[in-house]
Amino acid sequence: MKTKQKPAFSTTSLLVIGGLLVSLLSLAACGNTAQSGSNAATQASSAGVSAANIPTAVGTEEVFPTFTPGGRGNVFQARPLANASPEEIGQVAINYTIARGQSFGGKPQVLLVRPTTWKEIADMGLGMRGSSTIEEPPLMLVILKGDFSGGGLPDFNKSTTFNQNTIGQGAAYVAYVFDLWAGVPAYTFTSLHGEGLKQALNDPSLPDMQPVSQVPVGTDPHIVAVPTAPAHLHYGDTAPGLPASGQSVREASFGVWRYVAQRGVSDETTPEGAAVAPDQVYAEIAIDGSVTAQYLTANRQLLDQAAAGSGQYEIWVAFNKYLPVDQFRALVQAHGMKTGVSYLRAIDQNPKPVYAPYYPLNVVANGADAIPQSDLESKFASLSNDPQKQISLKGVYLTHAWVDAKQLAAIATDPNVYYVDMTANAVRADQAKAGVAGAAQAVVVPHPELIFNSMVEAPMENK
């Protein structure tokens, strides 16, 4: 999974990380898209906005690195387990433990393998969990007994949470909650003598958990942060955050949104898939998930100011539903939009999908052809690579485009449009005012797909 250094308000992983989640809406880098003959990546220099048409920054902020998934080398070969038998999953749990050198004194014994939910895990006293993703994978609880000594069980890949009472003491029990789509544990609970597992194993002889009052502050395994912001990521989406390689050249806050601009980033691309040059400015926009409505209002104000003037503007258009491809092409033509990359999504209609059910299809325009049919068909065919999948195309939900100011008002009021993101123009204008070299050519990534996911799609999915 691709990971980056993250701002303080960003989520940490898409395999939900117990105890380390934060509740604020963050940034998720869109998947790299194929290069094409489009010159959209170079249009930033021609998409200008008058300095008078942007708000004034109310302050600057530092970038605070937060938790980044990492840890030990993954010698365990994960595979989807949605169709695996309990016996197979139990053996996978043993293999997983042994492969990481956590088992001493022989092969662990499988005590329990059964389907579960996060609510059941909390009800059994194994910790509260929440999800930052719109859909949740099928889960399986696996409990092993064995000699897990050697100074306690350190975290395997920092996507786990442990009973702090066992740290430094080893453990005789390990409880895994396996994510069956990923084929690895999403949560781990360790126990020295079986504390906390009495209910799960239906074994009254096991000791009770140490009372919370006797547990050092901050180490109670029952207290695990649960995100409160709307789910804004699909399972399997790329983890959010800033590139770790760049040097900050400008950080500015505009109240409900802010941006951090860096130079010298590596392994980053424009939304259309072109490599970001070493001397090019790369900027990420961030918002707090609790002020999404205010962010939409701020963008509408930027749009109204720009619409009163003239010139070309860079925009991101998020729709209020998935548009059929032909309907999207007609909308692009009607508003004279020159598109770059457009975001489509396909879904596995299998009621019990073996893999994560949502699949992104990011398609780059070829000249006036906003969605090249051959490219779309090729990418869609690559998804249908397993007889267990029932893939269908949902449609277009977001596009990156350049448009004349005279079309902005009509686009914003189009019945298919949820909102128009104008912040890329404001970022470049702010950089120019601050004297940042190459501001007009800066790559700016606002991530409106997160707003579509949380404000449009999540409510539809939960009906």
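Keep in mind that this is a model prediction, so the values were computed, not measured.

Asker: Break down the pairing of strand β3 (residues 171-179) for me, with residues and values.
Answerer: The buried count for β3 comes to nine of nine residues, which makes it a mostly enclosed element. Across eight bridges, strand β2 (residues 139-148) lies against β3 in antiparallel orientation. Bridged to Val142 within β3 is Tyr176. Bridge count between β3 and strand β4 (residues 184-191): seven bridges; the pairing is antiparallel. Bridged to Val177 within β4 is Tyr187. Between the antiparallel neighbours β3 and β4 lie four residues, among them Gly183 with a positive phi of about 80 degrees.

Asker: How would you explain the sheet that holds strand β12 (residues 417-421) if you had to name every residue and give the values?
Answerer: Spatial strand order, β10-β9-β11-β8-β12: five strands in an open sheet with antiparallel pairing. Two strands bound the open sheet, and with one partner strand each, they are β10 (358-364) and β12. Put simply, the sheet's adjacent strands are angled 20 degrees from each other on average, direction ignored. Relative to β10, strand β9 (residues 338-348) is paired through seven bridges, and the arrangement is antiparallel.

Asker: An account of unusual backbone geometry is requested, with residue identities and associated values reported.
Answerer: One non-glycine residue, Asn202, lies in positive phi territory at about 55 degrees. Relative to the elements of secondary structure, Asn202 occurs in the loop between α3 (198-201) and β5 (247-253). Residue Asn202 is classed as exposed on the basis of its relative accessible area, which comes to 68%. Of note in the backbone geometry, Asp267 takes a positive phi value of approximately 60 degrees without being a glycine. Along the chain, Asp267 falls in the loop between β6 (257-263) and β7 (281-287).

Asker: Any chance you could break down the sheet that holds β5 for me, citing the residues and the numbers?
Answerer: A sheet is described by the order of its strands in space; here four strands give the open sequence β5-β6-β7-β13, paired in mixed fashion. For this open sheet the edge positions go to β5 and β13 (443-445), each flanked by a neighbour on one side alone. Recorded for the sheet is a direction-independent mean angle of 20 degrees between the axes of neighbouring strands. Of the strand pairs in this sheet, β7 and β13 are connected by three bridges, and their pairing is parallel. Paired with Tyr282 across the bridge in β13 is Val443. Where helix α8 (residues 423-433) meets the sheet, its contacts fall on β5, β6, β7 and β13, and the angle it forms with β6 comes to roughly 60 degrees.

Here is what the cut-offs are and how they apply
- Residues numbered from 1 in each chain as written.
- Predicted model: local features only at pLDDT ≥ 70, side-chain atom pairs only at ≥ 80, totals over all residues.
- Heavy atoms only, no water.
- Buried < 20%, exposed > 50% of the residue type's maximum accessible area, 1.4 Å probe, protein only.
- Helix = DSSP H or I, 4+ residues; strand = E, 2+ residues; numbered from the N terminus.
- Pairing = 2+ DSSP bridges.
- Axes fitted to C-alpha atoms, helices over the stretch in contact; angles between N-to-C directions.
- Contact = heavy atoms within 4.5 Å.

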